[in-house]
Amino acid sequence: MYVQIDLDGPAGTLRVSGHGLPTVELVRAPGTDPDAHTPIGTRKAALLRLTVDGEPAAVRPARGRLLRRSYRVDVRTGGSRYRLVPTSYDSSRLTRDGRRTGSLICSGDGRVIDTWEDGATPRDIAVGTALAAAFGTGAAPWFETVGDIVSELIP
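Before going into details, it helps to say that this report is about the structure given with it. (Residues numbered from 1 in each chain as written. Predicted model: local features only at pLDDT ≥ 70, side-chain atom pairs only at ≥ 80, totals over all residues. Heavy atoms only, no water.)

**Details of the layout of surface pockets**
Rules: Think of a 1 Å grid over the protein atoms and nothing else: a 1.4 Å probe that fits but is trapped marks a cavity, an open set flanked by protein within 12 Å on at least five of seven lines marks a pocket, and residues with an atom within 4 Å of a point count as lining. Grid points are joined across faces, edges and corners, and a volume is the space filled by probe spheres set on the points. Gly is placed with the polar residues, together with every amino acid not listed as nonpolar (Ala, Val, Leu, Ile, Met, Phe, Trp, Tyr, Cys and Pro) or charged (Asp, Glu, Lys and Arg). For the purposes of this entry, the term helix denotes a DSSP run of H or I that reaches at least four residues, the term strand denotes a run of E that reaches at least two, and both are numbered from the N terminus.
Empty space within the largest pocket amounts to approximately 430 Å³. Looking at the largest pocket, it is lined by 24 residues, and the ones nearest its centre are D35, H37, T38, R43 and Y71. Its residues placed into classes, the lining of the largest pocket shows seven nonpolar, 11 polar and six charged. As a volume, the second largest pocket reaches approximately 210 Å³. The wall of the second largest pocket is formed by A58, V59, R60, D74, V75, R76, R81, Y82, R83, T95, D97 and G98. Mapped by element, the contributors of at least two residues to the lining of the second largest pocket are β5 (55-61), β6 (73-77) and β7 (80-86). Counted by class, the lining of the second largest pocket contains four nonpolar, two polar and six charged residues.

Written out as structure tokens, the structure reads:
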């Protein structure tokens, strides 16, 4: 299935569309300065507006700190709960209502590599692709992050 990803990080806009897919749009609040670590420019839910197939959806990115789980992104749309959570350095898992629907890789450049489980719906594909493109995928394990912090403190 062809997926069109239009990401403009500095402007804070993302649009995912394609034949047979619902259109997903994620927009950062106008006038806000983008952070350098998030492709869409923020992980603050109050600054983001998400629509899926024209309907408002709730998006809640976690803060992104020490643990991989802290980089998760939760979405509620169409009666379903989606979660994108890192599983390795470069990949993340998408679940719908607690069931695995796919694995995604995106380094933040707006290109997404995806693998979908049997039964993944067009909505799953559109939402998962949008989350991966907007927030990136993957994260270092906590012990490596701690090691980096400690090594920075030692002269």
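**Side note on the pattern of salt bridges**
Defined as follows: By definition, a salt bridge exists where a carboxyl oxygen of Asp or Glu is found within 4 Å of a side-chain nitrogen of Lys or Arg. Think of it in three bands: residues with accessible area under 20% of the maximum for their type are buried, residues over 50% are exposed, and the middle band is partly exposed, with areas taken using a 1.4 Å probe on protein chains only.
Considering all chains together, one arrives at eight salt bridges under this definition. We note a salt bridge from D74 to R60, for which the minimum N-O separation is 4.0 Å. Residue D74 is found in strand β6, and its partner R60 is found in strand β5; the two are separated by 14 residues along the sequence. Overall, the relative accessible area of 12% leaves D74 in the buried class. A relative accessible area of 55% places R60 in the exposed class. Across the salt bridge formed by D97 and R81, the nearest N and O atoms sit 3.9 Å from each other. Here the residue D97 occupies a position in the loop between β8 (91-96) and β9 (99-105), and R81 occupies one in strand β7, the gap between them amounting to 16 residues. Under the relative-accessibility criterion, D97 is labelled partly exposed at 35%.

Bear in mind that shape data such as this cannot, by itself, settle questions of function.
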